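Residues per chain are reported as follows:
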Amino acid sequence: MVVAPASMFTDYAWLDMLGWSMTIILGIFILITGMVSVQEGRQSFRWPRAKAKLKSATLLSHSGSKGGMSYSPKINCSFVIDGHEYEGTEYDFSASYTSKEKAQKKVAEVKNMLPLLVYYKPEDPNLNVIHPGVHFVAYLRLLVGLCGIVIPIMSLLGYIQY
């Protein structure tokens, strides 16, 4: 279900237009972040790897707005590229799980990796990841972004009536 800004569905056409315009802008922003996430995830398989030294690997828990819990691995490692030391903190580009066991498994996996290899973006080694690839969240951003653009446009053109 798409939630529209509060200014929509009023007796004032300009206010409806403003609300839909804001939704379109938000949709464009979300779509762009999804496209960047998919692109970097795909490219990350071909990034060079470096041996990293694990400093810590723990589990973080976050309480959601509806009372649910999510868990994510908190990784801290360091690696050296061309004499410069960089920090690594990402297991993958979407490492947040509703299952505590699954997140703990990722932490244990990192602790047992010998050697610990980090994939890093050659142009910016600060962008690095232990487990490369595109994950579900990137595709979800694409879908939400497209909906945030298409639904308001269809509504403004009269294809969707409220």
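Quick caveat, the model's predicted, so the values are computed rather than measured.

The rules behind each value
Residues numbered from 1 in each chain as written. Predicted model: local features only at pLDDT ≥ 70, side-chain atom pairs only at ≥ 80, totals over all residues. Heavy atoms only, no water. Helix = DSSP H or I, 4+ residues; strand = E, 2+ residues; numbered from the N terminus. Expected span 1.5 Å × (residues − 1). Buried < 20%, exposed > 50% of the residue type's maximum accessible area, 1.4 Å probe, protein only. Contact = heavy atoms within 4.5 Å. Salt bridge = Lys/Arg side-chain N within 4 Å of Asp/Glu carboxyl O. Pairing = 2+ DSSP bridges. Axes fitted to C-alpha atoms, helices over the stretch in contact; angles between N-to-C directions.

**Some thoughts on helix α3 (residues 136–156)**
Part 1 of the argument: Compared with an ideal rise of 1.5 Å per residue, which puts 21 residues at 30 Å, α3 spans 30 Å between its outermost C-alpha atoms and is within 8% of the ideal.
Part 2 of the argument: The complete set of buried residues in α3 reads A138, L142, G145, G148, I149, I151, P152 and S155.
Part 3 of the argument: Tucked into the core, α3 has its buried residues touching α1 (13–43).
Part 4 of the argument: Among the residues trailing α3, G158 stands out with phi positive, at a value near 90°.

**Notes on the pattern of salt bridges**
Part 1 of the argument: Under the criterion given, the structure shown has three salt bridges.
Part 2 of the argument: The partner of K55 in a salt bridge is E85, with the nearest N and O atoms 3.9 Å apart. Here E85 lies in strand β3 (residues 84–88) and K55 lies in strand β1 (residues 49–63), a separation of 30 residues in the sequence.
Part 3 of the argument: E87 is paired through a salt bridge with K55; the nearest N and O atoms lie 2.9 Å apart. Linking E87 in strand β3 with K55 in strand β1, this pair joins segments that are 32 residues apart in sequence.
Part 4 of the argument: Linked by salt bridges that have partners in common, K55, E85 and E87 make up one network.

**Description of the sheet that holds strand β5 (residues 124–129)**
Part 1 of the argument: Pairing is antiparallel in the open sheet, where five strands are placed in the order β3-β2-β1-β4-β5. Strands at the two margins of the open sheet, each flanked by one partner only, are β3 and β5. Geometrically, the sheet is characterised by an average inter-axis angle of 45° between neighbouring strands, direction not taken into account.

**A word on unusual backbone geometry**
Part 1 of the argument: The amide bond that connects L114 to the next residue, P115, takes the cis arrangement and shows omega of -5°.
Part 2 of the argument: Structurally, P115 is set in the loop between α2 (100–112) and β4 (116–121).
Part 3 of the argument: Phi at D82 takes a positive value of approximately 50°, unusual for a residue other than glycine.
Part 4 of the argument: Mapped onto the secondary structure, D82 falls in the loop between β2 (69–81) and β3.

**Digging into the pairing of β1**
Part 1 of the argument: Pairing of β1 with β4, which is carried by four bridges, proceeds in the antiparallel orientation. Looking at the pairing, A52 lines up with L116 of β4.
Part 2 of the argument: When β1 meets β2, the two strands line up antiparallel, connected through eleven bridges. What sits directly across from L59, in β2, is P73.
Part 3 of the argument: Between β1 and β2, which pair antiparallel and follow one another directly, the connecting turn spans five residues, one of which, G67, has a positive phi of 90°.

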